[in-house]
Structures are given as C-alpha cells and as structure tokens.
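Read off the chains here:
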Number of protein chains: 2
Amino acid sequence: MPGRSISKQTLSRLPEYLRVLQGLEGQGRRYVSATAVAEALGLNDVVVRKDLASVSGAGRPKVGYVREELMGELEHFLGYDNTQDAILVGAGKLGQALLSYEVFPQYGLNIVAGFDSDPQVYGSEVGGKKILPMEKLPGLCRRMGVRIGIITVPGEHAQKVCGLLTGSGVLAIWNFANVHLSVPEGVLVQNENMAVSLAILSNHLKERFRTK
Amino acid sequence: MPGRSISKQTLSRLPEYLRVLQGLEGQGRRYVSATAVAEALGLNDVVVRKDLASVSGAGRPKVGYVREELMGELEHFLGYDNTQDAILVGAGKLGQALLSYEVFPQYGLNIVAGFDSDPQVYGSEVGGKKILPMEKLPGLCRRMGVRIGIITVPGEHAQKVCGLLTGSGVLAIWNFANVHLSVPEGVLVQNENMAVSLAILSNHLKERFRTK
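Here is what the cut-offs are and how they apply
- Numbering of residues starts from 1 in every chain and runs along the sequence as written.
- Note on labels: chains are lettered from A, ligands numbered from 1, in written order.
- Restriction of local features to residues with pLDDT of at least 70 applies here, the model being predicted, together with a cutoff of 80 or more for giving and counting side-chain atom pairs; totals for whole chains, interfaces and linings are based on all residues.
- Hydrogens are left out, water is left out, and the side-chain values use all remaining heavy atoms of the structure.
- For each domain, the first and last residues come from an automatic or database assignment.
- Within this scheme a cavity is a closed region of a 1 Å grid, computed over the protein atoms alone, that accommodates a 1.4 Å probe without allowing it to escape, whereas a pocket is open but has protein on both sides within 12 Å along at least five of seven lines; lining residues each have an atom within 4 Å of a point.
- Grid points are joined across faces, edges and corners, and a volume is the space filled by probe spheres set on the points.
- Charged means Asp, Glu, Lys or Arg here, nonpolar means Ala, Val, Leu, Ile, Met, Phe, Trp, Tyr, Cys or Pro, and polar covers whatever is left, Gly included.
- Partly exposed describes any residue whose relative accessible area lies between the buried limit of under 20% and the exposed limit of over 50%, with all areas from a 1.4 Å probe on protein chains only and scaled to the type maximum.
- Note on conventions: DSSP H or I runs of at least 4 residues are helices, E runs of at least 2 residues are strands, and numbering of each starts at the N terminus.
- Two strands form a pair only when DSSP identifies at least two bridges running between them.
- Orient the strands so they point away from the viewer; a crossover is then right-handed if the path from the first strand over the helix to the second runs clockwise.

Caption draft 1: Structural context of the domain arrangement of chain A. Each domain of chain A was delimited in the assignment, giving domain 1 (8-77) and domain 2 (84-195). Between domain 1 of chain A and domain 2 of chain A, the C-alpha centre-to-centre distance is 32 Å.

Caption draft 2: Just empty space enclosed by the protein, in detail. For the structure shown, the criterion picks out four cavities of 30 Å³ or more. In this model, the largest cavity occupies a volume close to 60 Å³. Contributing to the lining of the largest cavity are Asn 175, Phe 176, Ala 177, Asn 178, Glu 192, Asn 193, Met 194 and Ala 195 of chain A together with Arg 19, Tyr 101 and Tyr 107 of chain B. Estimated volume of the second largest cavity: approximately 50 Å³. Along the walls of the second largest cavity sit Arg 19, Tyr 101 and Tyr 107 of chain A together with Phe 176, Ala 177, Asn 178, Glu 192, Asn 193, Met 194 and Ala 195 of chain B, which together make up its complete lining. A class-by-class count of the residues in the lining of the second largest cavity yields six nonpolar, two polar and two charged.

Caption draft 3: Structural detail: the pairing of strand E7 (residues 148-151) of chain A. Residue and element names in this part refer to chain A. Taking every second residue as pointing to the same face, both faces of E7 are buried, with Ile 148 and Ile 150 on one and Gly 149 and Ile 151 on the other. The pairing of E7 with strand E8 (residues 172-175) spans four bridges and is classified as parallel. Its bridge partner being in E8, Ile 150 is matched across the sheet by Trp 174. Since E7 and E8 lie parallel, the crossover through helix H7 (residues 155-167) that links them has a hand, and here it is right-handed.

Put into structure tokens, the structure is as follows:
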C-alpha cells in the first residue's frame, strides 16, 4: 500500500524482517509465513502480521508470502531501491569508518563526498570519497540536490554544521554528535545516539543482577 | 525510585534530558522545570513530566527540579556513575573508531581491550587499548568479569563471535553487525542498526516529496 504512512516502530522493524528473509536464501523456500519471521526474531506474531500487511497486504492462507516478492516490497518500501545522495561532515575516525562502510549502497545511501575543516585532509580520499573543504559544501549540495547530511563532528560544532546543511537544502540529518540539534520545520534529525544504547545495556545489567 | 523497572521508550529519552540539563550549565540556573526540558527537545511536556517523575519523583510546584540534583539522579539511573568493563571484537575501521571514542567513559563504559582474528594487528594499540588475538578472549572475560561485548565484525562472523562472548560470561551485547543474533535467555542484544536509521531518513524524504 504505497502512499500510506507507517509508524516509526513498524518502520524500525522492517529492516529486521528483510534480514530474516535474506537469511533464508539458499534454503530453497518459496513461501514464508509471518509466524516463521516472528519466531526467527523472537517477536509477537500478531505484530509481525500487522507490520507485513501494511507493506504487502495479507499473506496467502496457510502458506504466507512469496519470499522474493515480499523482499522486493520491503526493499521498495525502505527506499533501498532508490539511491539517495548524501554528504558527510567530519572526517575523523567515525567519519572515516562511515565513508568506508561498504554496506550503505545496499541500503540506498550513496555518500558523494566528505567535508572537514582541517586543511591537512583536503583532497585525501577515504573509501573512495574525496574530503573537501567546508566552503565547498553549500555549492555541492545545491548542484547535486543532496538531501541527506551526516554529521560526525565533535558536539560543539554540530549545530553550526547542521545550520550549514539545512541552509544548503538538506532535509534529513543523520546525527552522530552527542548533542540535540535544532532544525527548521520539515527537516528530520535521526540521532544515532550511542548514549541511549549504553543506557539500555547498563539498565539490563542492573536488572539482571538485581534479580539474582 | 531505584529498583523500579522503566520502559525502553522512557529509558531512551533520559540521556536527552541529561544533555539538555548539561547544556544549561553556565547559565547559573538552579532550578529547571519539566516544561523547559520538554520545550528544548520539542517533546510533549506530559511525557517529560512522567519520565522525570519515574527517576526523581515530582518536581517542586512552580519551580521544578534542582538542576544538579536531577542530573545526578539521571546519571545514576543511567549507570553513568558505575563504570562497566567491556571488550570489543573486530578492530576494523568502525571498531577502531569506537576504541578511540573518548566519550564512552563519561557514559560509564570502559573498553578494556579489542580483539581481532588478524595476526597483523595483534599487539597494536588503538585509543590506548591493546588488540589481542581471539584465543585470549574467554580467559580475559572470565578473569575481569566482563559483562559487555561490542561486536564490530563483518555480519558473517557475528553469530560465532556472539556465541564466544556469551560463552565467556558476557550478558549484554552491543551489536554493530548487520545480522540478527541469537542469544541464550537472559542476554540482551542492543542492535546499533544503521539500516533502521537509513530507513527512517529515506521514509522522511519520501513523505516530504509526496506532500509537495
């Protein structure tokens, strides 16, 4: 059902479903049921059934979904078949890791260049992408119609970089800096907040040892 | 109210609250209200009020919380004042970025060593941490009582590494590999799933351009 909005919770589960379906490659299974996907992920099968129905419609009674069709629908829904250009700002260790991350193109993300404020790295290449000076950012974004900006600068510079990106036409910010970013309306910030993950891990350990 | 369980949604907002409170440092404000925190983050203030009450009790009428006390309570709840040892497996670009990430100690995470299967990197240091051969993993985990394992190996090796970690006493896995991991009961997997973030960004762009 393209054109329909979907909750963030559902959206965040879709890549997991796709991973399970991809994992079944080579087992020669033509069909896969929502129940089987739910079991593989340890999720409630009512949830999985509902999520899949919102992307693909209901599976066939008894047999479920045609695996390859469902994979195609998930990939389309997730935008993996529709590559988006992005730029990255901050070519430190994390930035370099992301520039070199070979898996992004499979997810429809094409990082076209990195930017940094350190003249020493201008012109160098990381993961096959040129590192350019900040002054070139607005022009390149506008010329190429770049809509996604990845921020991997230290926290104290992140808001300034964010303003530069949104001022250059970027509509979606992927923020790895550990600060809250203010953006104009209509711009999305997706925080890759490692502090949240750490809090969840630490809370789990606390609860584990409390119940022992 | 220590000892009480808390939802993952609430837990994931707590580090954001802490960031806002830290950001007010230097403004000389002794008190801060749930409303002010909600405004800074663009959240509903009923949500923030409820979240903060679960960590700290209700704020004082009219004035709210004593900022520094609330920060201390959040830090304690999040486990930031209680450092946990962790090890990292997979000293590629992403692994190296994490080993060098200077912010982790502030969140109570202390990576004691990195492990890799490539003999060429044995004995080298990244971010002040030694890279050790895989054979040393079980012994070190048991000796130091390491409870957190960070996986930054390619997807096809992640499950094997995960088994090695849980078999060595690790109870919380921070998974950066793009595969679903099966773990024994009582072990938590926190997926740092970049595919999810990318799906959310891409969906936002799709919706933006649909409404234009």
